[in-house]
Amino acid sequence: MPNLASVVGEIAQRMTARDERGKVASYIPELAKVPIDQFGIAVFTADGETIVAGDAEVPFSIQSISKVFTLTLALGKVGDQLWTRVGREPSGNPFNSIVQLEYEKGKPRNPFINAGAIAVTDVLLAGHEPREVLGEILRFCRFVAEDDSVAIDEHVARSEKQTGFLNTALANYMKAFKVLENPVDHALGVYFHHCSITMSCRQLAMAGRYLAFSGRLPGKDVSVISSERARRINALMLTCGHYDGSGDFAFRVGLPGKSGVGGGILAVAPGEASIAVWSPGLDPHGNSVLGSLALEHLAKAMRWSVFGD
Ligand code: GLU
């Protein structure tokens, strides 16, 4: 097996040298300001080591990667009942599409498209104020990342709110079908804020450990979720984690992963590693160009694909 530290170092060098980087998300004005010439990678391994390269310590907006954490919390709260509110099939549609919602009577296809994530947030809101739920999400992120400096970027949250017309439409649509139980502005307020959590690659790789290691934090006597639940969240990340680019990501990389329009991707090599990559330039599906490419190289070099070596 090749040496992981040299593989990671080499990937960072290759990525940094590339000109083809896609486009920074511009529909959230605050994200459009992020310089495109950045690339970071962090790999947390089974023996408790974190190998980093490039801009691995720079905080970025995790955006839709936060949906993995809210899904974890919602499953903890209501268990399998969640699936009466949200499906678990790939959508094959863009992250903010409203078309499918109409056909399927307001029930979102999966927890990782925007409509699904807003419905998951609504589940977390039951009996709570938005501020409490946001506190719970942030505490969970800090706990799994083992880092109290994980925070919400209020500028990004405000920017999302000001331009979130499509998300507002999705939420209203679901409210009309009674898929949302709480006030639309509560669900959206918490959603915009959890998408605006910032983490560095190092923090994100730490936060993903419980998914890579059967629900546990390796080296510690801490069980975050059951191994069955971790396996199922990983299955959803594999099938739905990259919107209408999920099939291509599985084909090229072969790992469960969740991307965000901030340019981050959290990927999981079960039993081997929790991996975070970040580069703000996106492909037309909203997935990081260099992030996906870096994971493709890494999974190949380390023979980590879940489909075999
Ligand atoms: N907050 C973003 C939105 O709702 C999340 C999208 C993403 O990261 O894919 O538009």
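Residues numbered from 1 in each chain as written. Predicted model: local features only at pLDDT ≥ 70, side-chain atom pairs only at ≥ 80, totals over all residues. Heavy atoms only, no water.

J.: What should I look at first to understand the overall build of the protein chain in this one?
T.: Assigned secondary structure in the protein chain consists of 14 helices and 12 strands. The C-alpha radius of gyration computed for the protein chain amounts to 18 Å, which stays within 12% of the reference 19 Å derived for 309 residues, consistent with globular compactness. Here the C-alpha coordinates of the protein chain stretch approximately 55 × 40 × 35 Å along the principal axes. Expressed as a percentage of its 309 residues, the buried residues of the protein chain come to 56%. Put simply, 68% of the contacts in the protein chain that link residues at least 6 apart link residues at least 24 apart. Summed over all atoms, the accessible surface of the protein chain reaches about 12,900 Å², with 51% contributed by carbon and sulfur. A gap of 4 Å separates the mean positions of the 30 positive and 33 negative side-chain charges of the protein chain. (Helix = DSSP H or I, 4+ residues; strand = E, 2+ residues; numbered from the N terminus. Rg over C-alpha atoms; globule rule 2.2 N^0.38 Å. Buried < 20%, exposed > 50% of the residue type's maximum accessible area, 1.4 Å probe, protein only. Contact = heavy atoms within 4.5 Å. Areas by Shrake-Rupley, 256 points an atom, 1.4 Å probe, with all protein chains shown as cover. Lys, Arg positive; Asp, Glu negative; His and termini not counted. Charge placed at Lys NZ, Arg CZ, Asp CG, Glu CD.)

J.: Would you mind showing me how to read the pairing of strand S11 (residues 273–278) here?
T.: Taken residue by residue, a regular strand's side chains alternate between the two faces of the sheet. With six of six residues buried, S11 is to be regarded as a mostly interior element. Burial along S11 is two-sided: the residues Ala273, Ile275 and Val277 and Ser274, Ala276 and Trp278 are all buried. Summarising the sheet, strand S2 (residues 40–45) and S11 pair through six bridges and their orientation is antiparallel. Residue Phe44 lies in a different strand from S11, and its bridge partner there is Ser274. Relative to S11, strand S10 (residues 264–269) runs antiparallel, the two sharing six bridges. (Pairing = 2+ DSSP bridges.)

J.: Help me understand helix H12 (residues 227–240), please; the structure alone is not making it clear to me.
T.: Helix length check: H12, at 14 residues, gives a terminal C-alpha distance of 20 Å against a target of 20 Å (1.5 Å per residue), a fit within 8%. Tucked inside the fold, the buried residues of H12 contact helix H3 (66–78), helix H11 (209–212), helix H13 (246–252), strand S9 (257–259) and S10. (Expected span 1.5 Å × (residues − 1).)

J.: Help me understand the pairing of S2 in this model?
T.: For S2, a buried count of six out of six residues is recorded, marking the element as mostly surrounded by other parts of the structure. Alternating positions in S2 separate into two faces, Gly40, Ala42 and Phe44 on one and Ile41, Val43 and Thr45 on the other, with burial throughout. Taken together, the five bridges between S2 and strand S3 (residues 50–54) define a ladder with antiparallel strand orientation. Pairing of Val43 across the sheet is with Ile51, part of S3. The antiparallel pairing of S2 with S3 creates a hairpin that spans four residues between the two strands, and Gly48 there sits at a positive phi of about 90°.

J.: Any chance you could explain the site of the ligand here in plain terms?
T.: Looking at the ligand, the residues that line it are Tyr27, Gln63, Ser64, Phe95, Asn114, Glu160, Asn167, Tyr191, Cys195, Tyr243, Gly260 and Val261. Note that a nitrogen atom of the ligand is positioned 2.6 Å from one of the side-chain N or O atoms of Gln63. Measuring from an oxygen atom of the ligand, one finds a side-chain N or O atom of Asn114 at 3.0 Å. Here the ligand, which alone exposes 300 Å², has 99% of that area covered by the protein. Among the residues making up the shell around the ligand, the classes are represented as six nonpolar, five polar and one charged. (Near = heavy atom within 4 Å. Polar contact = N/O pair within 3.5 Å; in protein donor to acceptor, adjacent residues only side chain to side chain. Nonpolar A, V, L, I, M, F, W, Y, C, P; charged D, E, K, R; others polar.)

J.: Honestly, the sheet that holds S9 in this entry has me stumped. Any pointers?
T.: Picture the strands of a sheet paired through backbone hydrogen bonds; they go either parallel or antiparallel. The five strands are arranged S3-S2-S11-S10-S9 in an open sheet whose pairing can be described as antiparallel. Each end of this open sheet is capped by a strand with a single partner; those strands are S3 and S9. Strand after strand, the sheet turns through a mean of 10° between neighbouring axes, direction not considered. As defined by bridge partners, S9 adjoins S10 across three bridges and the pair is classed as antiparallel. Residue pairing in the sheet places Ser259 in a bridge with Ile265 of S10. Here helix H1 (residues 4–17) sits on the sheet and contacts S2 and S3; the angle it forms with S3, its principal contact strand, is near 20°. (Axes fitted to C-alpha atoms, helices over the stretch in contact; angles between N-to-C directions.)

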